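# Close look at the chain arrangement
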Amino acid sequence: MDCHKPIAADLKQHQGYHGRMTNSGIGECRACHTEHKGREADIVQLSRAQFDHRLTDFALEEAHAR
């Protein structure tokens, strides 16, 4: 987590998307994040259609909600 200090803080404080995950603190990052394959790679393998944005600290409001 040395390279991802904000995510480490979220895990410790149980906030943000990663800190609120049901497997927070017990899962391995690589279970969801594939090996880096360049700057244009999609390293987050999640369903954008099923993603629950309410679990994050970034509510979808106004134009973003559409």
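Summary of the structure given here. (Residues numbered from 1 in each chain as written. Predicted model: local features only at pLDDT ≥ 70, side-chain atom pairs only at ≥ 80, totals over all residues. Heavy atoms only, no water.)

With that out of the way, let us pick up unusual backbone geometry. Negative phi characterises most residues that are not glycine, and trans characterises most peptide bonds. One non-glycine residue with positive phi stands out, namely His14, at about 55°. For His14, a relative accessible area of 55% corresponds to the exposed category. Its identity as a non-glycine residue notwithstanding, Glu62 has a phi of 50°, on the positive side. Within the secondary structure, Glu62 is located in the segment after α2 (16-20). (Buried < 20%, exposed > 50% of the residue type's maximum accessible area, 1.4 Å probe, protein only. Helix = DSSP H or I, 4+ residues; strand = E, 2+ residues; numbered from the N terminus.)

Our focus in this paragraph is the environment of Met21. One can find Met21 in the segment after α2. A relative accessible area of 24% means that Met21 is categorised as partly exposed. For the pair Met21 and Leu11, spaced 10 residues apart in sequence, the C-alpha to C-alpha distance is 8.9 Å.

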